[in-house]
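Chains, contacts and geometry: an overview
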Amino acid sequence: MEPLSMFSQSSLTDIILLLLIFFLLTSSFVTNFGIRVNVPRAESSVSSQAQQISVAVTPEGNFFVDGEQVDRISLSNAIRQAYQEKPGASLVVRADRDARVDDAVRAMNIGKALNMNIIMATERN
């Protein structure tokens, strides 16, 4: 009897296809905000709502509205524009624990002027 000289790649193709499907499905479950900030910790947490506008504040004083970097001067316009696109949305402030409090309060004041619900993002202990 002669040994099999050809290698069948059909089983290898099936495994790679299954791995590809697995990674495509599980990658959609990961929420990636894009901007890495270390938020403070809290004892309790509030569940997030579907309609929200995220404002991230970095330690360097940079602002990101829904992932787009904006400068301090145009922060109000960016939040107002995002609120017009999502009426009734809540403002989620994701300030780094090393960020200046003044920067986070600036974003909160803009949300308050627009009568938005304001949520401070924290990590649960």
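**Things to note about the environment of Asn77**
- Following the sequence through the fold, Asn77 ends up in helix H2 (residues 75-85).
- Sequence spacing of Asn77 and Ile110 is 33 residues, and the spatial spacing of their C-alpha atoms is 9.4 Å.

**Some details on the sheet that holds strand S6 (residues 118-120)**
- Strand order across the open sheet formed by five strands is S4-S3-S2-S5-S6, with mixed pairing between neighbours. Edge positions in the sheet fall to strand S4 (68-70) and S6, since each of these pairs with one other strand and no more. Shown here is a sheet whose adjacent strand axes are inclined to one another by a mean of 25°, direction ignored.
- In this structure, strand S5 (residues 90-95) lies alongside S6, joined through three bridges in parallel fashion. Among the inter-strand pairings, Leu91 is bridged to a residue of S6, identified as Ile118.

**Considering the pairing of strand S2 (residues 52-57)**
- A large share of S2 lies buried, amounting to five of its six residues.
- Direction of pairing for S2 relative to S5: parallel, over a ladder of six bridges. Residue pairing in the sheet places Val55 in a bridge with Val93 of S5.
- Looking at chain direction, S2 and strand S3 (residues 63-65) are connected through three bridges and run antiparallel. Within S3, the residue paired with Val55 across the bridge is Val65.
- Linking S2 to S3, which pair antiparallel, is a turn of five residues; within it Gly61 sits at a positive phi near 90°.

Each value, and the rule that gives it
Residues numbered from 1 in each chain as written. Predicted model: local features only at pLDDT ≥ 70, side-chain atom pairs only at ≥ 80, totals over all residues. Heavy atoms only, no water. Helix = DSSP H or I, 4+ residues; strand = E, 2+ residues; numbered from the N terminus. Pairing = 2+ DSSP bridges. Axes fitted to C-alpha atoms, helices over the stretch in contact; angles between N-to-C directions. Buried < 20%, exposed > 50% of the residue type's maximum accessible area, 1.4 Å probe, protein only.

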